[in-house]
Amino acid sequence: MATSSTLAVPQTSGVPRHIAIIMDGNGRWATRRHLPRTAGHIKGVQAVRRTVEACGRLGVRYLTLFAFSSENWRRPADEVSLLMRLFVKSLEREVVKLEKQGVRLRVVGDLSPFEPRLQELIHQAEARTEHNDQLNLSIAANYGGRWDVLQAMRGMLRANPGLAEHPEHIDEDALSAHLSMPWAPEPDLFIRTGGEQRVSNFLIWQLAYTELYFTDTYWPDFDRACLEEAVAWYGGRERRFGRTSAQVLAAR
Ligand code: FPP
């Protein structure tokens, strides 16, 4: 299990081990061009591809992309349906390439409302890439941070019913082992494109000590240079994890 940033100071380096991204701005990118919003999502898939490749080159080991939040069901039905079709198409098209690139794909979130065909493709793609470990790509789909904490709580109590009688025995490790990405370290760098500065119910537990980077660039325009800029910004951060600067320097 990954080290908790609140229980111990994790080892870090100039390159983030784990990057988590909210890919925002697809709709506005399209509207600016007098195109339907869905054109922005289609273009967004190309930015996903570029980002996966660029992360591989930079030596990033974990990349988590917020593709569809629990709250995105509130969007117009045709947009939701296009997004679902895009997931299906992307999985069908990209899985062979991901396999060759050494990418392990996992989809995290409550997959139960997705149509059976999509669920099946997800399971196939996960199985097909499970031997890879160069880059761990997680797609958060029908994901919400609060959902994750709740489902972890339920999973923990199911596995250890005795804890309900002794809540004082519940600690961070007991709960976090049941979160939806127990294999991944906490994100070092969070990127949100599209100019908004909020976390929008993404990995709320895991972002406790993550460096937060916001850019006005719309997701479809996000490219290798944008990622390198974010990573360079990250490299200049002093990650104190509650310590003083003097302590950080002394620990180097
Ligand atoms: C936010 O932009 C983006 C989404 C809700 C969907 C993200 C999906 C993709 C990038 C394509 C599919 C991804 C994969 C992994 C196959 P927005 O629509 O909220 O933009 P806006 O804020 O400008 O309206």
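Remember, predicted model here, so these are calculated numbers, not experimental data.

(A) Just the sheet that holds strand β2 (residues 62-69), in detail. A sheet is described by the order of its strands in space; here six strands give the open sequence β3-β4-β2-β1-β5-β6, paired in parallel fashion. Of all the strands in the sheet, the pair left with one neighbour each is β3 (103-108) and β6 (211-214). Taking the axes of each pair of neighbouring strands and ignoring which way they run, one obtains an average angle of 20 degrees across the sheet. Where strand β1 (residues 18-22) meets β2, five bridges bridge the pair, whose relative direction is parallel. Each residue of the ladder has a partner; that of A20, found in β2, is T64.

(B) Quick peek at helix α5 (residues 145-159). For α5, with 15 residues, the first-to-last C-alpha span of 21 Å sits near the 21 Å given by 1.5 Å per residue. All buried positions along α5 are accounted for by G145, D148, A152, G155 and M156. For α5, the angular spread of buried residues about the axis comes to 100 degrees, placing them on one side. Exposed side chains of α5 directed beyond 90 degrees from the buried face belong to R146 and R158. Residues of α5 that are buried sit in contact with β4 (135-143) and α6 (172-176).

(C) View of the side chain of R239. Along the chain, R239 turns up in the loop between α7 (224-235) and α8 (245-251). One polar contact links the side chain of R239 to the main-chain carbonyl oxygen of Y209, over a distance of 2.8 Å. Setting aside residues up to four positions removed in sequence, R239 forms contacts with T12, P187, D188, Y209, T210, E211, Y234 and V248.

(D) The arrangement of the pairing of β3 in detail. Most of β3 is tucked away, with five of its six residues classed as buried. In this sheet, β4 lies alongside β3 in parallel orientation, the contact comprising six bridges. In the strand pairing of β4, V103 is matched with L135.

(E) Summary view of the environment of S69. Relative to the helices and strands, S69 resides in strand β2. The buried category is assigned to S69, whose relative accessible area is 8%. Once the C-alpha coordinates of S69 and H166 are considered, the two residues, 97 residues apart in sequence, prove to be 34 Å apart. Those residues within four positions of S69 in sequence are excluded, and the remaining contacts are N142 and Y143.

(F) Expanded view of empty space enclosed by the protein. Across all of its chains, the model carries one cavity of 30 Å³ or more by this definition. In this structure, the largest cavity occupies an estimated 180 Å³ of space. Lining of the largest cavity is provided by 17 residues; of these, S176, L179, A184, E186 and Q206 occupy positions nearest its centre.

(G) Up close: the site of the ligand. By nearness alone, 17 residues border the ligand, and D24, G27, R28, R37 and R75 come closest of all. Taking R37, its side chain carries an N or O atom lying 2.9 Å from an oxygen atom of the ligand. In the model, an oxygen atom of the ligand is placed 2.7 Å from a nitrogen or oxygen of the R75 side chain. Burial of the ligand by the surrounding chains reaches 90%, relative to a free accessible area of 630 Å². Among the elements of the structure, α1 (26-32), α2 (37-58) and α3 (77-100) are those that each provide at least two residues to the shell around the ligand.

(H) Representation of the packing of aromatic side chains in the model. For the coordinates displayed, the defined rule picks out ten aromatic pairs. Judged by centre distance (5.9 Å) and plane angle (45 degrees), the rings of W73 and F114 are tilted. Note that W73 is positioned in the loop between β2 and α3 and F114 in the loop between β3 and α4 (116-128), a separation of 41 residues in sequence. A relative accessible area of 35% places W73 in the partly exposed class.

Rules and cut-offs
- Residues numbered from 1 in each chain as written.
- Predicted model: local features only at pLDDT ≥ 70, side-chain atom pairs only at ≥ 80, totals over all residues.
- Heavy atoms only, no water.
- Pairing = 2+ DSSP bridges.
- Helix = DSSP H or I, 4+ residues; strand = E, 2+ residues; numbered from the N terminus.
- Axes fitted to C-alpha atoms, helices over the stretch in contact; angles between N-to-C directions.
- Expected span 1.5 Å × (residues − 1).
- Buried < 20%, exposed > 50% of the residue type's maximum accessible area, 1.4 Å probe, protein only.
- Arc of directions from axis to C-beta.
- Contact = heavy atoms within 4.5 Å.
- Polar contact = N/O pair within 3.5 Å; in protein donor to acceptor, adjacent residues only side chain to side chain.
- 1 Å grid on protein atoms, 1.4 Å probe; cavity = no way out; pocket = protein on both sides within 12 Å on 5 of 7 lines; lining within 4 Å.
- Points joined across faces, edges and corners; volume = space filled by probe spheres on them.
- Near = heavy atom within 4 Å.
- Areas by Shrake-Rupley, 256 points an atom, 1.4 Å probe, with all protein chains shown as cover.
- Phe/Tyr/Trp six-rings, centres within 6.5 Å; stacked < 30°, edge-to-face > 60°.

Nothing here speaks to function; it is geometry throughout.
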